[in-house]
Amino acid sequence: MRHTDEFRFCCLARHVANCYPEPDEFSSCEDLMSNSVLRICVWVLSIISLAGNVLVIVWRIFYKTNNRVHTFLIINLAIGDFCMGLYLLIIAAVDVYYRGEYFIHDATWRASTLCQLAGFFSTFSSELSVFTLTVITIHRLAVITFPFRVSRLNMSWSRAIMALVWLTVGLLAGLPLADISYFRNFYGRSGVCLALHITHEKPSGWEYAVFVFLGVKIPPQVFAWVAVFILPLNAAVNPLLYTLATAPFLGRMRDRVLNVQHSFKSSIMRRNTCTSYGGGDLREAVQMKHYGGGQHQ
């Protein structure tokens, strides 16, 4: 049995039967993401999150509605979920870039600015989504439960509340980036740069990670699945729940499809008419012209 400072040194001594520390639940000596299923899921969720939330933001900006407060809150939610898509895309791209030789670059990657940025995106996204959904839920509950006793949230209050939310979330996600010994390389404790630490040890800063993300202990076997499915899942599902599956969006899309079908049919009918006129009807037109010319003479 051998103990080293980092698992990458064990990758250089593969003849040793028991070498510690072991790699985390994500990484191996060769790859940042050793599980091919997780690798595929990260790509799929990143693409869905980015595309879905961009669509939501564009739709909500240009779609005119009387409920401006709800639209404003949904746009904030989509921005937060879009950041999760950016985080997943960074991790997926780095996994491809270091494929087959990850352990050589492990320390450099975890200490890099890009890893810190990815960790910031993941924390910022998770917290902004949670806070925004809380505001949306409380607003809806108050309006439905007390429709005549509680006034609706106006835009001024909405902007003030979300400004406070952004400030709080930015502080929670940005504090680990500060030059404080307690947060030493906080986001770089694992290869996937998560504030949710997926290591067996309890380094300085683990209490903060528990405070931000959980109050419960996660078994090591499910760390990776929690990181891939539990945290980013909302970023992929929220666009469907709050925009893409709603009646206004589906109604507009149905109208657009019907308009396209109608335009296509009209174009086909005009083309057929022109073709018919250029064939047999053309001879009839020539005869009519000739007859009219003879009568004139």
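Residues numbered from 1 in each chain as written. Predicted model: local features only at pLDDT ≥ 70, side-chain atom pairs only at ≥ 80, totals over all residues. Heavy atoms only, no water.

Some remarks on the overall build of the protein chain
Counting secondary structure elements, the protein chain contains 10 helices and 2 strands. Along the protein chain, helices and strands appear, N-terminal first, in the series β-α-β-α-α-α-α-α-α-α-α-α. Here the protein chain, with 297 residues, has 40% of them falling under the buried criterion. Long-range contacts, defined here as pairs at least 24 residues apart, represent 70% of the contacts in the protein chain between residues at least 6 apart. When the accessible area of the protein chain is evaluated, it comes to approximately 17,700 Å², of which 65% is carbon and sulfur surface. (Helix = DSSP H or I, 4+ residues; strand = E, 2+ residues; numbered from the N terminus. Buried < 20%, exposed > 50% of the residue type's maximum accessible area, 1.4 Å probe, protein only. Contact = heavy atoms within 4.5 Å. Areas by Shrake-Rupley, 256 points an atom, 1.4 Å probe, with all protein chains shown as cover.)

Concerning the pattern of salt bridges
One pass over the full model with this rule turns up 5 salt bridges. Here R99 and D95 are joined by a salt bridge, their closest N and O atoms 2.8 Å apart. With a relative accessible area of 36%, R99 lands in the partly exposed category. Classification of D95 as buried rests on a relative accessible area of 0%. (Salt bridge = Lys/Arg side-chain N within 4 Å of Asp/Glu carboxyl O.)

A word on the UniProt feature "transmembrane region" (unreviewed entry) in the protein chain
Per the UniProt record, "transmembrane region" (unreviewed entry) is found at residues 37-59, 71-94, 160-178 and 222-244. Its end C-alpha atoms 26 Å apart, residues 160-178 is made of 79% helix and 0% strand. (UniProt positions renumbered as here; feature names shortened; annotations may be inferred.)

With respect to the nonpolar core
Of all hydrophobic cores here, the largest spans 52 residues; its most connected members are L32, M33, Y87, I91, W109 and F186. Sort the elements by how many residues they give to this core and helix α3 (residues 68-97) lands first, with 13 residues. (Core = buried A, V, L, I, M, F, W, Y, C linked by side-chain atoms within 4.5 Å.)

Some thoughts on the packing of aromatic side chains
By the definition in use, this model includes 9 aromatic pairs. When the ring of Y97 is compared with that of Y98, the centres are 5.1 Å apart and the planes differ by 65°; the resulting orientation is edge-to-face. Accessibility expressed as a relative area gives 14% for Y98, which makes it buried. With 5.4 Å between their ring centres and 70° between their planes, F124 and W166 make a pair best called edge-to-face. On the criterion of sequence distance, the pair formed by F124 in helix α5 (residues 113-145) and W166 in helix α6 (residues 155-174) is long-range, its members being 42 residues apart. Three or more aromatic residues joined by ring pairs make a cluster, and in this case those are F120, F121, F124 and W166. (Phe/Tyr/Trp six-rings, centres within 6.5 Å; stacked < 30°, edge-to-face > 60°.)

Things to note about a nonpolar patch on the surface
Taken together, the side chains of W43, I47, L89 and V96 present a nonpolar region at the surface, about 330 Å² in accessible area. Listing elements by their share of the nonpolar patch, those giving two or more residues are α2 (36-62) and α3. With respect to the helices and strands, the residue V96 is situated in helix α3. (Patch = residues over 30% accessible without salt bridge, like charges linked within 9 Å, V, L, I, M, F, W, Y side chains within 5 Å.)

Considering the environment of T243
Checked against the element boundaries, T243 lands in helix α8 (residues 223-244). C-alpha separation for the pair T243 and N53, spaced 190 residues apart in sequence, amounts to 9.5 Å. Once residues lying within four places of it in the same chain are set aside, the contact partners of T243 are V56, W59, R60, I74, N238 and F249.

Some remarks on α2
Helix length check: α2, at 27 residues, gives a terminal C-alpha distance of 40 Å against a target of 39 Å (1.5 Å per residue), a fit within 8%. Measuring from the side-chain oxygen of the N-cap residue of α2 to the backbone nitrogen of V37 gives 2.8 Å; that N-cap residue is N35. (Expected span 1.5 Å × (residues − 1). Polar contact = N/O pair within 3.5 Å; in protein donor to acceptor, adjacent residues only side chain to side chain.)

Remarks on unusual backbone geometry
Despite not being glycine, N185 shows a phi value in the positive range, around 50°. With respect to the helices and strands, the residue N185 is situated in the loop between α6 and α7 (206-213). Look at N185 and you get partly exposed, because its relative accessible area is 31%. Positioned with a positive phi, C193 is a non-glycine residue whose angle comes to about 60°. Here C193 lies in the loop between α6 and α7.

Considering the state of the cysteines
In this structure the tally under the stated criterion is 1 disulfide. One disulfide bridge connects C115 with C193, the sulfur atoms lying 1.9 Å from each other. Disulfide C115-C193: torsion about the S-S bond near -120°, hence left-handed. Here the residue C115 occupies a position in helix α5, and C193 occupies one in the loop between α6 and α7, the gap between them amounting to 78 residues. The exposure classification of C115 matches that of C193, with both residues buried. (Disulfide = S-S within 2.5 Å.)

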